[in-house]
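# Observations on the model geometry
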2 protein chains.
Amino acid sequence: MTRAWVKTLELSLPSLKDNTADADRMIQALKSRLGADDIAVDLDLLKKLPDVLRNADYHIRCVLYKDRGRWGISGVLSAEDPAPVLGMAVDLGTTRVVIRLVDLAGGRALAETSFDNPQLAVGPDILTRIHHADSEEGRIRLQRLIVDSLNREMAALCASCGFAATDVFLMAIAGNTAMTHLFMGLNPRWIIREPYIPVVNRPGTHRALQLGLCANPGARVFVFPNIGSYFGGDLIAGILYSGLNQREETAILVDVGTNAEVVLGNKNWMIACAGAAGPALEGGAARMGMMAGPGVIDRVAISPDTLQLDIHTIENLPPVGICGSGMIDLAAQLFLCGMLDIRGKFVASVCGTRLKEMDGLKHLVVVNREDAATGHDLSISQADIDSLIRSKAAMYTILETLTASVGMAPPELTRFYVAGTFGSFINPVSAISIGMIPDLPLNCYQTLGNSSLGGAARILESCDLFEEVDRIQGSITYLELNVNQDFMNRFSAAKFLPHTDPSLFPSVKQRVYTEGYGR
Amino acid sequence: MTRAWVKTLELSLPSLKDNTADADRMIQALKSRLGADDIAVDLDLLKKLPDVLRNADYHIRCVLYKDRGRWGISGVLSAEDPAPVLGMAVDLGTTRVVIRLVDLAGGRALAETSFDNPQLAVGPDILTRIHHADSEEGRIRLQRLIVDSLNREMAALCASCGFAATDVFLMAIAGNTAMTHLFMGLNPRWIIREPYIPVVNRPGTHRALQLGLCANPGARVFVFPNIGSYFGGDLIAGILYSGLNQREETAILVDVGTNAEVVLGNKNWMIACAGAAGPALEGGAARMGMMAGPGVIDRVAISPDTLQLDIHTIENLPPVGICGSGMIDLAAQLFLCGMLDIRGKFVASVCGTRLKEMDGLKHLVVVNREDAATGHDLSISQADIDSLIRSKAAMYTILETLTASVGMAPPELTRFYVAGTFGSFINPVSAISIGMIPDLPLNCYQTLGNSSLGGAARILESCDLFEEVDRIQGSITYLELNVNQDFMNRFSAAKFLPHTDPSLFPSVKQRVYTEGYGR
């Protein structure tokens, strides 16, 4: 891998005719190899360099990093030294943190683990943490929480492969703007106050030591840039991972969660926006809604003939609740079978005995108490459905608004990337059926999984990508979603199943089993 | 001063229309002001930035530095903040250290002090210290010695002006290659072992904190580059200070000490060499020779009629010995009066009773015991004179060899810079009279004083000069003085007073009082 962060060099030996200093000899060789203007070397490395070079007979491996366009050397090893040179990619989620160990010389992924963001102890939501960070003690506490757990987990992950954390020379961190601030010990106070100003958009590269991270003493940490308070480094990493930034044709990338973050563009331009898509999509809002986990309903089918619900739970355990992808499946299936009308209301005549009245609200029993792990009926209420419909309408309206801003309509897209772990589990047919995403051929959809982690890992694989990340950050125009009359009109039209304009969703028409729809 | 390291900026205020982050807002304004590609900001500075900017209403002073061609910000103050922004220039001598406090905003020198290099406690000469530095403990001890005293003296110097060491944001250190290594904690072991390889030629810019220096926490330290083990940063600083690097016409710069370091060149090219000029020039070799100090003979005249010696001592105290400039004066006067012949031998018939035989060697009494502070005769021996003549011959041969290498002869020079404190005290007429330096019109000679300190101070005055220092370092060709037959022939010819070829020294002929010379 020629673009790896590790370069093997056979330096010319010092002589009376060539008495260039050790560091400059190495730098000159690297400069011509990399075509670099200059290369920085740490003081600590200079101290060790004479012995390292002589013990290695000037045949070495240099571990590199980049810092705002300039190369630097984070470590020098003998070419014969069998020690690994590792990188660590980090997806710094508000709830969950995922880290992946990468071989910096070969670019290969070695191991991966995930753990709860320990800042959950301070507050499950970003806002609580931002308020907690208002005092310096709070900031220090929040930073320590995440840094300590990163150190612990990194050491364990390295050990699981027979390596040490000191073998890690380069880390890449992708998180949303607030998480990035908390990780760096920066005050996120102004992120949530008009006019919503982060401390920094392009944090750049820092010494691991300065951030409190226990990796190699020379290790560097690249922190993904953001383009504002509501469009973070996790999304920039996601764009990099998707390859949207390299495409000729315009594509869209959607990261679905509490917020829907959307990027539209190609290799020449990008336009982005973020909007509240509603908690219904993430689980937690519906009475039986929850995060994905064992026993959680993640897929639902309904037989059009018998109207029997065929549910699938994670690990095939007795059902305990339903997650976002299950909700979307359920709503889609209910609609296609006529149990929901185009306004998203339960159709009593079709639902039959499954429909019950509880606390003055209509509920549809999804799992009878006999079959549920909880010992009581698992049901969704009309309010749950209404909430889901608002969320899906918000999502579609955001897509429509963004495409309209460049004179396109959603159906004109040829590539639709779905990012985020949650996005991986959505059944696109269901999402189309409820009108959450446009009615594109299924092969236009591409799920990316954890694109934030993927993007972070990618820049550990190739030393060309720091500049590409900066280019992505610089080429995005952020569209402030103005909730004006135009937006509200679009939103109202999208609050139907799948939409007030059925011609936007021709495939749904074919899937509908009832005669009521679209005629 | 537009090229000062401090820039005052009135940033645009954040708004919903322009929600660029604090750091990026500042960096963008600086980038357009400086025409810079990118500008680095420390993590510590990022932590303070939101408060600093808001308290200053975004009207700020940025303190800058450069690190291998890239700009960085070492501090941000409110434009209204009356705190000074200081720089510290350091001449890191083997024996003596001189520091100068500079106003970074205005470039003005504020105060200066000097102190003995505390590493003298380990060894007066470089070699002892280099051996001491072979162990890590030794290196740490030597670095601590110099860093601690720099911290102490810097704090005292700042206090003497009513400032604090934390007001110092930028330091520039010029020293020879070994002193630079010891200051940075680098192992100088290979400097003195064939093929004489320093750890680093261009140390670049480092954090003061990392070097153990107690300045502003964001302060940076620029360490002057060297071009080898025997041509150090003090000389590069001297070239910068002299302006030789900017001249159309070829000039020469000579730094006289134990070593004679010589640079010949102009704005397009430079060629340098260093050679042992002999300890006779620095005092210490002659029995009565010593460093300049109270009571030391620094000037000598001899009446051609009475042959009476007219001596001048520092602070007009009773004489205790003689320093290098006094020796050169003495030898010149003895020669011009006929007391030394062209071979440098005492002429008994002219010296008369002043000439005594001691320990089998001829001695010339310079000061009778009655007039000496020491209570015994101050005399110089034939061996002392021989040693001086070898030194001056070595010096002239070096000049001749260097100029010859570019097809010039010493008399063709139009500008002759004499660097070093010692150089400031040499009487050029005397130096010409003994044939130590070429017989140029006296207005060609320009003494620079402490050019190492001067050069270090200059780069604190203008942010353009880091690149110029690199350019100087890169444009010097180092000429290894090959002691071949050619060199030995020149050396033999130069071991006469002033030279075997009197036509090279026409002015000396006119000054000679005896009839024996040049006829």
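The structure under discussion appears in the preceding block.
Now for a description of the structure that goes with this document. (Residues numbered from 1 in each chain as written. Chains lettered and ligands numbered in written order. Predicted model: local features only at pLDDT ≥ 70, side-chain atom pairs only at ≥ 80, totals over all residues. Heavy atoms only, no water.)

### Brief notes about the overall build of chain A
Along the backbone of chain A there are 15 helices and 22 strands. Counting across all 519 residues of chain A, residues that qualify as buried make up 60%. Taking the contacts inside chain A whose residues are at least 6 apart along the sequence as the reference set, 64% of them involve residues at least 24 apart. Surface exposure of chain A reaches about 19600 Å², of which carbon and sulfur atoms provide 50%. (Helix = DSSP H or I, 4+ residues; strand = E, 2+ residues; numbered from the N terminus. Buried < 20%, exposed > 50% of the residue type's maximum accessible area, 1.4 Å probe, protein only. Contact = heavy atoms within 4.5 Å. Areas by Shrake-Rupley, 256 points an atom, 1.4 Å probe, with all protein chains shown as cover.)

### Points about the sheet that holds strand β6 (residues 96-103) of chain B
Residue and element names in this part refer to chain B. A sheet is described by the order of its strands in space; here six strands give the open sequence β7-β6-β5-β8-β10-β9, paired in mixed fashion. For this open sheet the edge positions go to β7 (109-116) and β9 (204-207), each flanked by a neighbour on one side alone. The average angle at which neighbouring strand axes cross in this sheet is 20°, direction not considered. Bridge count for β9 against strand β10 (residues 220-223) is four bridges, and the pairing is antiparallel. Within β10, the position partnered with Thr205 by the bridge is Phe222. Against the sheet, helix α4 (residues 136-160) contacts β5 (86-92), β6, β7 and β8 (168-175), and its axis sits at roughly 40° relative to β6. Packing of helix α5 (residues 177-184) onto the sheet brings it into contact with β5, β8, β9 and β10, and relative to β10 it is tilted by some 155°. (Pairing = 2+ DSSP bridges. Axes fitted to C-alpha atoms, helices over the stretch in contact; angles between N-to-C directions.)

### So, unusual backbone geometry
The omega torsion across Glu194 of chain A and Pro195 of chain A is 0°, close enough to zero to call that bond cis. With respect to the helices and strands, Pro195 of chain A occurs in the loop between α5 (177-184) and β9 (204-207). Phi angles above zero are rare outside glycine, and Tyr58 of chain A is one such case at about 65°. Relative to the elements of secondary structure, Tyr58 of chain A occurs in the loop between α2 (43-55) and β3 (59-67). Residue classification places Tyr58 of chain A among the buried residues on the basis of a relative accessible area of 5%. Within the chain, Asn316 of chain B stands out as a residue other than glycine whose phi angle is a positive 55°. Position of Asn316 of chain B relative to the elements: it lies in the loop between β15 (309-313) and β16 (321-322).

### Remarks on the packing of helix α9 (residues 382-404) of chain B against helix α14 (residues 485-494) of chain B
All names here are of chain B. Viewed as axis vectors pointing N to C, α9 and α14 meet at an angle of 130°, and their least axial separation amounts to 8 Å. Here α9 lies oblique to α14, going by the angle between them. Every pair of crossing elements has a handedness; the one defined by α9 and α14 is right-handed. Together, Arg390, Lys392, Ala393, Ala394, Tyr396, Thr397, Glu400, Thr401 and Ala404 of α9 and Phe487, Arg490, Phe491 and Ala494 of α14 make up the contact between the two elements. (Parallel < 35°, antiparallel > 145°, perpendicular 65-115°, else oblique. Left-handed = near helix turned anticlockwise from the far one by under 90°.)

### Details of the pattern of salt bridges
Per the counting criterion, the structure on display carries 42 salt bridges over all chains. The salt bridge partner of Asp42 of chain A is Arg207 of chain A, with a shortest N-O separation of 3.4 Å. On the criterion of sequence distance, the pair formed by Asp42 of chain A in the loop between β2 (39-41) and α2 and Arg207 of chain A in strand β9 is long-range, its members being 165 residues apart. Take Asp42 of chain A and Arg207 of chain A: they sit in the same class, and that class is buried. Here the residues in one salt-bridge network are Asp38 of chain A together with Arg68, Arg202 and Asp470 of chain B, joined through shared partners. (Salt bridge = Lys/Arg side-chain N within 4 Å of Asp/Glu carboxyl O.)

### Section: the interface of chain A and chain B
Many analyses report the size of an interface as the accessible area lost when the parts associate. Contact with chain A, which involves 44 residues of that partner, is made by 44 residues of chain B. Across the chain A/chain B interface, buried area totals approximately 4000 Å², and carbon plus sulfur atoms make up 55% of it. If you look at where chain A meets chain B, you find six salt bridges. Along the contact surface separating chain A from chain B lie 18 residue pairs in polar contact (both at pLDDT 80 or more). Elements represented by at least two residues in the side of chain A that touches chain B include exactly α1 (22-34), β2, α2 and β9 of chain A. Residues that form the side of chain A that touches chain B fall into these classes: 21 nonpolar, eight polar and 15 charged. (Buried area = accessible area lost by both parts, 1.4 Å probe. Polar contact = N/O pair within 3.5 Å; in protein donor to acceptor, adjacent residues only side chain to side chain. Nonpolar A, V, L, I, M, F, W, Y, C, P; charged D, E, K, R; others polar.)

### Describing the relation of the copies chain A and chain B
Here chain A sits on chain B after a turn of 179° about the axis and a move of 0.1 Å along it, with an RMSD of 0.3 Å. A rotation of that kind, with that shift, is consistent with a two-fold axis. Residue Arg70 of chain A of chain A places its C-alpha closer to the rotation axis than any other residue of that unit, at 4.0 Å. Both copies contact each other with a shared surface, as 100% of the interface residues of chain A are interface residues in chain B too. (Least-squares fit on C-alpha atoms with pLDDT ≥ 70 in both.)

Just distances and angles here, no functional claims.
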